[in-house]
Protein chains: 2
Amino acid sequence: MANGKIQRITPQRRMIQEVLDKPDYHPTAAELYEDLRRRLPRISLGTVYRNLDLLVRNGLINKLDMGSSKSRYDGNTKKHHHIRCVSCHRMDDINALPAGQTEPQIKEIRGYRILDHHFEFVGLCPSCRNRQNAGEEKRL
Amino acid sequence: MANGKIQRITPQRRMIQEVLDKPDYHPTAAELYEDLRRRLPRISLGTVYRNLDLLVRNGLINKLDMGSSKSRYDGNTKKHHHIRCVSCHRMDDINALPAGQTEPQIKEIRGYRILDHHFEFVGLCPSCRNRQNAGEEKRL
DNA sequence: GTATGTGCAAATTATTTGCACGAAG
DNA sequence: CTTCGTGCAAATAATTTGCACATAC
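Residues numbered from 1 in each chain as written. Chains lettered and ligands numbered in written order. Predicted model: local features only at pLDDT ≥ 70, side-chain atom pairs only at ≥ 80, totals over all residues. Heavy atoms only, no water.

A.B. asks: A description of helix α2 (residues 29–39) of chain A should follow, citing residues and the corresponding values.
C.D. replies: Since one α-helical turn is 3.6 residues long, residues separated by three or four positions face the same way. Residues and elements named next belong to chain A. Those residues of α2 that fall on the buried side of the exposure criterion are A29, L32, Y33, D35 and L36. Looking down the long axis of α2, one finds its buried residues gathered within 165° of arc, a one-sided arrangement. Along its buried surface, α2 packs onto α1 (11–19), α3 (45–57) and β2 (72–74). (Buried < 20%, exposed > 50% of the residue type's maximum accessible area, 1.4 Å probe, protein only. Helix = DSSP H or I, 4+ residues; strand = E, 2+ residues; numbered from the N terminus. Arc of directions from axis to C-beta. Contact = heavy atoms within 4.5 Å.)

Shown next, in the form of structure tokens:
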């Protein structure tokens, strides 16, 4: 993986993209690795990380770093936002902003040239709302 | 640090809060540690992490996990948003949303009970705009 | 005086990388 | 065939933790 361009299509690479194409699926590298192993038993975690990094650098997937030490990856490259569960760390897509909200069009703030923006909503997912006040879940 | 409540005020704990009170200051744990060592030469990195975690759990500071493997910490607990430089990872506060933007008031999306939301703007900070197209900086 | 907090060092977790072999083009 | 990619294992980087001593209250 000398430079940053994708040169070859390997089964590993193709499968990573294919699996990440599911909607509302934002796995960590380790979760993705477990998924992939069912179909490519000899794949290694290093290969998963190398390919994720390559796909991110080529703009084919996105890396999400939010509220956890582990990165998550998102195959949906269309503009959208996320909602994350504070309790179980589940993450889902939000394709349209809530009523009355519009995407900011501004190009400069505080001297920065603005390239992009994200919303993140934080809350309790449907499952965690139920067993809510059952104390903190995994607090990773 | 048996449970989650702050029991005692130690010089280390007081100094961490005091240093984090500066505006537009969002250091990583390691950066904060270096800062603190100038005034408390014997402080340890473990103590910094333990106190940051405790302060976060008590709502006295915020932890920011965005676009990097290192967490940053923010002493400003008033509602605000951030802009982050893609190149040098500098991060600044945005206290008011851009013209036309309002804070979402919605309480539920996709079955989640919404507790909070953040905007993050991403762009090039003033310094990096200058030496821009000078290729990628530290890509941490 | 006692429980909580600290410093230190070792442990853990997530991610990255060197190297020899394998496979895409 | 040649270069790029993979598996494996070891290396790094960030964060957490066990333990004996120190200190806030």
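A.B. asks: Tell me about the relation of the copies chain B and chain A, and name the residues and values.
C.D. replies: What relates the pair of chain copies is a rotation about an axis plus a shift along that axis. With an RMSD of 0.1 Å, the operation that places chain B on chain A is a rotation of 179° combined with a shift of 0.1 Å along the axis. Both chain copies can therefore be described as sitting about a two-fold axis. No C-alpha of chain B approaches the rotation axis more nearly than that of F119 of chain B, which lies at 2.3 Å. An overlap of 100% is found between the interface residues of chain B and their copies at the interface of chain A, pointing to a shared contact surface. (Least-squares fit on C-alpha atoms with pLDDT ≥ 70 in both.)

A.B. asks: Before we move on, could you go through the protein's contact with DNA strand C and cite the residues and values that matter?
C.D. replies: Neighbouring DNA strand C are 21 residues; Y49 and K70 of chain A together with T10, R42 and T47 of chain B lie closest to it. If you look at DNA strand C and keep only atoms within 4 Å of the protein, 70% of those are sugar or phosphate atoms. Between DNA strand C and K70 of chain A there is a distance of 3.2 Å, counted from a phosphate oxygen to a side-chain nitrogen or oxygen. In the environment of DNA strand C, a phosphate oxygen lies 2.8 Å from a nitrogen or oxygen atom belonging to the side chain of R13 of chain B. Mapped onto the surface near DNA strand C, the elements with two or more residues apiece are α3 of chain A together with α1 (11–19) and α3 (45–57) of chain B. In terms of residue count, the dominant contributor to the surface near DNA strand C is α3 of chain A (4 residues). (Near = heavy atom within 4 Å. Polar contact = N/O pair within 3.5 Å; in protein donor to acceptor, adjacent residues only side chain to side chain.)

A.B. asks: Residues and numbers for the protein's contact with DNA strand D, please.
C.D. replies: With respect to spatial proximity, 22 residues lie near DNA strand D, and among them R8, T10, R42 and T47 of chain A together with Y49 of chain B are the closest. At a separation of 3.0 Å, a phosphate oxygen of DNA strand D approaches a polar backbone atom of S44 of chain A. Contact between DNA strand D and R8 of chain B: a base nitrogen at 3.1 Å from a side-chain N or O atom of the residue. Residue contributions to the surface near DNA strand D peak at 4 residues, all from α3 of chain B. Here the surface near DNA strand D is composed, by residue class, of 6 nonpolar, 9 polar and 7 charged. (Nonpolar A, V, L, I, M, F, W, Y, C, P; charged D, E, K, R; others polar.)

A.B. asks: Any details on the packing of helix α2 (residues 29–37) of chain B against α3 of chain B? Residues and values, ideally.
C.D. replies: Two quantities define a packed helix pair, namely the angle between the helix axes and the distance between the axes. Residue and element names in this part refer to chain B. Orientation of α2 relative to α3, taken along the N-to-C sense of each, is 115°, at an axis distance of 10 Å. For the pair α2 and α3, the sense of crossing is right-handed. For the pair α2 and α3, the contacting residues are A29, A30, L32, Y33 and L36 in the first and L45, V48, Y49 and L52 in the second. Considering only residue class, the contact of α2 with α3 consists of 9 nonpolar, no polar and no charged. (Axes fitted to C-alpha atoms, helices over the stretch in contact; angles between N-to-C directions. Left-handed = near helix turned anticlockwise from the far one by under 90°.)

A.B. asks: Residue-level account of the packing of aromatic side chains, with values.
C.D. replies: Per the counting criterion, the structure on display carries 3 aromatic pairs over all chains. Measuring from centroid to centroid gives 5.8 Å for F119 of chain B and F121 of chain B, while their planes differ by 5°, and the two rings are stacked. Classification of F119 of chain B as buried rests on a relative accessible area of 1%. Three or more aromatic residues link up through ring pairs in this structure, and these residues are F119 and F121 of chain A together with F119 and F121 of chain B. (Phe/Tyr/Trp six-rings, centres within 6.5 Å; stacked < 30°, edge-to-face > 60°.)

A.B. asks: Any chance you could break down unusual backbone geometry for me, citing the residues and the numbers?
C.D. replies: All names here are of chain A. Even without a glycine there, the phi angle at H89 is positive, about 70°. Within the secondary structure, H89 is located in the loop between β3 (81–85) and β4 (91–94). Classification of H89 as buried rests on a relative accessible area of 11%.

A.B. asks: Outline the confidence of the model for chain A, supporting the account with residue identities and numerical values.
C.D. replies: Caution applies to low-pLDDT regions: their predicted coordinates should not be interpreted in detail. For chain A, per-residue confidence averages 88 on the pLDDT scale, and residues scoring 70 or more make up 91% of the total. Scored below 50 in pLDDT, residues 134–140 of chain A makes 10 contacts in the model with residues more than four places away or belonging to other chains. (pLDDT = per-residue confidence, 0-100.)

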